[in-house]
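# Inside the fold
The chain contents come next:
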Amino acid sequence: MSVLKWMNPNVDQIRPYEPGRPIEEVAREQGLDPDTVCKLASNENPLGVSRRARLAMRHVIEDMNRYPDGNAFYLRQKLAEHHDLAPNQLIFGAGSNELLEFVGHAFLGPERTAVCAAYAFIVYRLVAQMFGSKITEVKSRRRVHRLGAMAKAIRPDTSVVFVCNPNNPTGSLVRQAEVNRFMDHVPDDVLVVFDEPYAELCLGRMPDTIRFVREGRPNVLVLRSFSKAYGLAGLRIGYGLAAAPVIAALEKTRQPFNTTSMAQAAAIAAIDDRLFVARSRRLFRLARGLFERVCYDLNLDYQRTYANFMLINVGDGAKVTAKLAKEGIIVRPMAGYGLPQFIRISFGTMPENERLAAALTKLFKK
Ligand SMILES: Cc1ncc(COP(=O)(O)O)c(C=O)c1O
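Residues numbered from 1 in each chain as written. Predicted model: local features only at pLDDT ≥ 70, side-chain atom pairs only at ≥ 80, totals over all residues. Heavy atoms only, no water.

## Quick notes on the nonpolar core
This is how it is decided: Note on terminology: a nonpolar core comprises buried Ala, Val, Leu, Ile, Met, Phe, Trp, Tyr and Cys residues joined through side-chain atoms within 4.5 Å. Throughout this description, buried means an accessible area under 20% of the type-specific maximum (1.4 Å probe, protein chains only), exposed means over 50%, and partly exposed covers the range between. Counting from the N terminus, the helices are DSSP H or I runs at least four residues long and the strands are E runs at least two residues long. Domain ranges listed in this record stem from an automatic or a database domain assignment.
Core analysis: the largest hydrophobic core is formed by 116 residues, its most contacted members being Phe162, Phe182, Phe194 and Phe226. For this core, the element with the most residues is helix H12 (residues 274-298), which contributes 9 residues. Counting the residues that make up this core, at least three belong to each of domain 1 (19-48 + 274-364) and domain 2 (51-270). Val26, Val37, Ala41 and Ala325 belong to the second-largest nonpolar core, a separate cluster that totals 6 residues.

Pasting the structure below:
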């Protein structure tokens, strides 16, 4: 007899998310000095932490004996103003990932289904499974979301549609006109979650989905993150924007102190650090150019990306990931996404990018 007999069957069937491997783990395994290992596997910001955020964090260290403000009053005011919304149209999470879980708690369940695109962020499937919902993964065109087909996949029991833009892991972007057409076809009783953690560093024209919230659409939730453009992945802070009743529903599922006071202070400062975001975007544009040239030279198929990572078809993703690990470079194999021939590389600093480019050249130069 085991306590595991009591395990929730929805949870039991889940294959846990495999994040990018930590530097120390790969260094230990390969017998390398951790300082020589570079991680290009988790779409982080290689420029470090926004300077403004770092200063703000220093200021609040002494307050860490106190619980945070569970309602994140100052951050709420700041972002409400920033996005021209009312304070009750915002909710905060320990990363936007936690907000996806709130969506599951509040809007998914055994009698409901969800819709997302094939090759979209895997957490949508995990959250649907966790809450006993079926999820329809709509075939994409060359791994780009087909919003028209996603609208058509909505059934009477569909409660949530996840739209990941730019999409992780493909880097593909859906444009404003497609988004507008899609929204014309989605019924008001289906929640559309625009998951946009890469929005601020997008390398193309990012559609404005927050305007649906501003215009009073009752069924749009936009998720944003401080993990990517602002370099605060380790702090775990993200937010959602939606009509007040949707926010109120999600709030019922939130634990009282889910975001830390340090994360709140850092986020308030980071949102004004336009220079840091601009520098990050410049770097990612350069990196995209470099890897497109490398793939072209090596005759490797890749997907045009609009974010800080890129899918490259290397034939056998697991094998190439292992070979790169031996060189002290961590990338992500994509078999878990049904793309076993691909790796996903995250853009690093230019020296890191050039190191990866040289390693790929060594592996694939004929
Ligand atoms: C598409 C997408 N959504 C959500 C997340 C979660 O981001 P975070 O929880 O760090 O805000 C990620 C992280 O990589 C992502 O790629």
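After that view of the structure, there is still more to cover.
## Focus on the domain arrangement of the protein chain
Filter applied, for reference: In this description, buried area is defined as the sum, over both parts, of the accessible area (probe of 1.4 Å) that is lost when the two are combined. Any carboxyl oxygen of Asp or Glu within 4 Å of a side-chain nitrogen of Lys or Arg constitutes a salt bridge here. Residues are grouped as follows: nonpolar covers Ala, Val, Leu, Ile, Met, Phe, Trp, Tyr, Cys and Pro; charged covers Asp, Glu, Lys and Arg; every other residue, Gly included, is treated as polar.
Here the domain parsing of the protein chain yields domain 1 (19-48 + 274-364) and domain 2 (51-270). Just the C-alpha atoms count here: the centres of domain 1 and domain 2 sit 26 Å apart. Buried surface at the junction of domain 1 and domain 2, summed over both partners, amounts to about 2,400 Å²; 57% is from carbon and sulfur atoms. The largest share of the area that domain 1 buries against domain 2 comes from Gln303, Tyr306 and Tyr337, three residues that together contribute 32% of it. For the pair domain 1 and domain 2, the number of links is 0 salt bridges. The set of elements that each furnish at least two residues to the side of domain 1 that touches domain 2 consists of H12, strand E9 (309-313) and strand E12 (342-346). Per-element accounting of the side of domain 1 that touches domain 2 gives the leading share, 7 residues, to H12. Of the residues that constitute the side of domain 1 that touches domain 2, the class distribution is 11 nonpolar, 10 polar and 5 charged.

## Digging into unusual backbone geometry
Residue Pro166 is bonded to the preceding Asn165 through a cis peptide linkage, with omega at -20°. With respect to the helices and strands, the residue Pro166 is situated in the loop between strand E5 (158-164) and helix H8 (176-185). Omega for the bond connecting Asn168 with Pro169 falls within 30 degrees of zero, at 20°, which places this linkage in the cis form. Even without glycine at this site, Ala72 takes up a positive phi of about 50°. Classification of Ala72 as buried rests on a relative accessible area of 0%.

## Re helix H14 (residues 350-364)
Helical periodicity: at 3.6 residues per turn, an α-helix aligns residues three or four positions apart in one direction. The test is simple: A helix is expected to reach a length of 1.5 Å times the quantity of its residues less one. Working rule for contacts: check all heavy atoms of both residues, and any pair within 4.5 Å makes them a contact.
The end-to-end C-alpha distance of H14 is 21 Å, a good match for the 21 Å that 15 residues give at a rise of 1.5 Å each. Taken residue by residue, H14 has Met350, Asn353, Leu356, Ala357, Ala359, Leu360 and Phe364 as its buried positions. Tucked inside the fold, the buried residues of H14 contact H12, E9, helix H13 (317-326), strand E10 (329-330) and E12.

## Focus on the sheet that holds strand E3 (residues 113-117)
Hydrogen bonds along the backbone pair up the strands of a sheet, which may run parallel or antiparallel. In plain terms, the rule: Strands were regarded as paired on the criterion that DSSP finds at least two bridges between them. Convention adopted: a line fitted to C-alpha atoms gives each axis, helices being fitted over their contacting stretch, and angles between N-to-C directions are expressed from 0 to 180 degrees.
A sheet is described by the order of its strands in space; here 7 strands give the open sequence E2-E8-E7-E6-E5-E3-E4, paired in mixed fashion. The sheet terminates laterally at strand E2 (90-93) and strand E4 (134-138), the two strands that pair on one side only. Here the strands of the sheet are splayed against their neighbours by 20° on average, with no regard to which way each runs. Across 3 bridges, E3 lies against E5 in parallel orientation. Residue Thr113 lies in a different strand from E5, and its bridge partner there is Thr158. Along the sheet, helix H4 (residues 73-83) contacts E2, strand E7 (220-225) and strand E8 (238-242); its crossing angle with E2, the most-contacted strand, is approximately 125°.

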